[in-house]
Amino acid sequence: MTTTKNTAPAPVLARRAEAETCADPSATMTLLAETGPGEGGFTVYRSTFARGAVGAPAHLHTRAWELFFVLNGSLRVLVDEEVTVLDAGDFLAVPPRTPHAFAAAPGAEADVLFMFTTGMDRFDYLRLLGGVMRGESDPGAIAASAERFDNHYVDSPAWRAALAGTT
């Protein structure tokens, strides 16, 4: 008789009290759960943005979906070349190869749950980013890590205009 081993992924439980926290001058990130790059891989973290926080510049992911759920406050987002504001309870799913950016909405703070498919050591990216924002790491390390973390910065006139207050 042949027995087959269960190869289904194990459930993932993340306790807030056990989660790693990364902070930079504009946000606090709570690293909740991350699985490997295999089938069903994902990354989930929570970011709390201070009033006026700049968030992430325009970028895209070639392999990953990025999902946003606003828990509290308001988040200004770019998707392609459209800028809009997400409020508490709003959800956004950005597919691969779609330029996007985000920041706390003008005059607001934002508390956002971020999710990525597929898993790819994104926590390492967040740690690196925090180090750069705090002046502890070389900013060139971000550009050098683009392929590893599937995070590719792009130019967006619409986002630049939104940040300059001209839209």
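In this text, all values refer to a predicted model and were calculated from it rather than measured experimentally. (Residues numbered from 1 in each chain as written. Predicted model: local features only at pLDDT ≥ 70, side-chain atom pairs only at ≥ 80, totals over all residues. Heavy atoms only, no water.)

Caption draft 1: Region of interest: the overall build of the chain. For the chain, the helix and strand inventory stands at four helices and ten strands. Seen in sequence order, the chain has helices and strands lined up from the N terminus as β-β-β-β-β-β-β-β-β-α-α-α-β-α. Computed over C-alpha atoms, the radius of gyration of the chain comes to 17 Å, within 12% of the 15 Å expected from 2.2 N^0.38 for 167 residues, which places it in the range of a compact globule. For the chain, the proportion of its 167 residues judged to be buried stands at 42%. About 9000 Å² of surface is accessible on the chain, with carbon and sulfur atoms providing 56% of the total. Distance between charge centres in the chain, computed from 13 positive and 20 negative side chains, equals 4 Å. (Helix = DSSP H or I, 4+ residues; strand = E, 2+ residues; numbered from the N terminus. Rg over C-alpha atoms; globule rule 2.2 N^0.38 Å. Buried < 20%, exposed > 50% of the residue type's maximum accessible area, 1.4 Å probe, protein only. Areas by Shrake-Rupley, 256 points an atom, 1.4 Å probe, with all protein chains shown as cover. Lys, Arg positive; Asp, Glu negative; His and termini not counted. Charge placed at Lys NZ, Arg CZ, Asp CG, Glu CD.)

Caption draft 2: The arrangement of helix H4 (residues 157–164) in detail. All of the buried residues in H4 are Ala 158, Trp 159, Ala 161 and Ala 162. Seen from one end, H4 has its buried residues packed into an arc of 160 degrees, which puts them on one side. (Arc of directions from axis to C-beta.)

Caption draft 3: Up close: the pairing of strand S4 (residues 56–60). Counting buried positions along S4 yields four of five residues, so the element is predominantly enclosed. Where S4 meets strand S8 (residues 100–104), two bridges bridge the pair, whose relative direction is antiparallel. Note on S8: the bridge partner recorded for Ala 56 is Phe 102. Both S4 and strand S10 (residues 152–153) contribute to a ladder of two bridges, which runs antiparallel. Across the sheet, the residue bridging to His 59 is Tyr 153, located in S10. (Pairing = 2+ DSSP bridges.)

Caption draft 4: Quick peek at the packing of aromatic side chains. Applying the stated criterion across every chain yields a total of eight aromatic pairs. Here the aromatic rings of Tyr 45 and Phe 116 are separated by 6.2 Å at their centres, their planes lie at 15 degrees, and the arrangement is stacked. Of the two residues, Tyr 45 is situated in strand S3 (residues 42–49) and Phe 116 in strand S9 (residues 110–117); the sequence distance between them amounts to 71 residues. Note on accessibility: Tyr 45 and Phe 116 belong to one class, buried. A network of ring pairs unites the aromatic residues Tyr 45, Phe 49, Phe 68, Phe 102, Phe 114 and Phe 116 as a single cluster. The ring of Trp 159 is capped by Arg 76, whose NZ or CZ atom sits 5.9 Å from the centre of that ring. (Phe/Tyr/Trp six-rings, centres within 6.5 Å; stacked < 30°, edge-to-face > 60°. Lys NZ or Arg CZ within 6 Å of the ring centre and 35° of its normal.)

Caption draft 5: How the structure looks around the layout of surface pockets. Quantified by volume, the largest pocket comes out at close to 370 Å³. Among the secondary structure elements, those contributing two or more residues to the lining of the largest pocket are strand S2 (27–34), S3, S4, S9 and helix H1 (122–133). When residues in the lining of the largest pocket are grouped by element, the largest group, five residues, is from H1. Looking at the lining of the largest pocket, its residues break down into 16 nonpolar, six polar and three charged. (1 Å grid on protein atoms, 1.4 Å probe; cavity = no way out; pocket = protein on both sides within 12 Å on 5 of 7 lines; lining within 4 Å. Points joined across faces, edges and corners; volume = space filled by probe spheres on them. Nonpolar A, V, L, I, M, F, W, Y, C, P; charged D, E, K, R; others polar.)

Caption draft 6: Expanded view of the nonpolar core. Counting 29 residues, the largest nonpolar core has Tyr 45, Phe 49, Phe 68, Leu 75, Phe 102 and Val 112 as the members making the most contacts within it. The set of elements that each furnish at least two residues to this core consists of S2, S3, strand S5 (65–79), strand S7 (91–94), S8, S9 and H1. Considering each element in turn, this core owes the most residues, five residues, to H1. Non-local contacts of Phe 68, meaning those with residues more than four positions away in its chain, are made with Leu 75, Leu 86, Asp 90, Phe 91, Leu 92, Val 94, His 100, Phe 102, Val 112, Leu 113 and Phe 114. Ala 58, Leu 78, Ala 103 and Ala 158 belong to the second largest nonpolar core, which has seven residues in total. (Core = buried A, V, L, I, M, F, W, Y, C linked by side-chain atoms within 4.5 Å. Contact = heavy atoms within 4.5 Å.)

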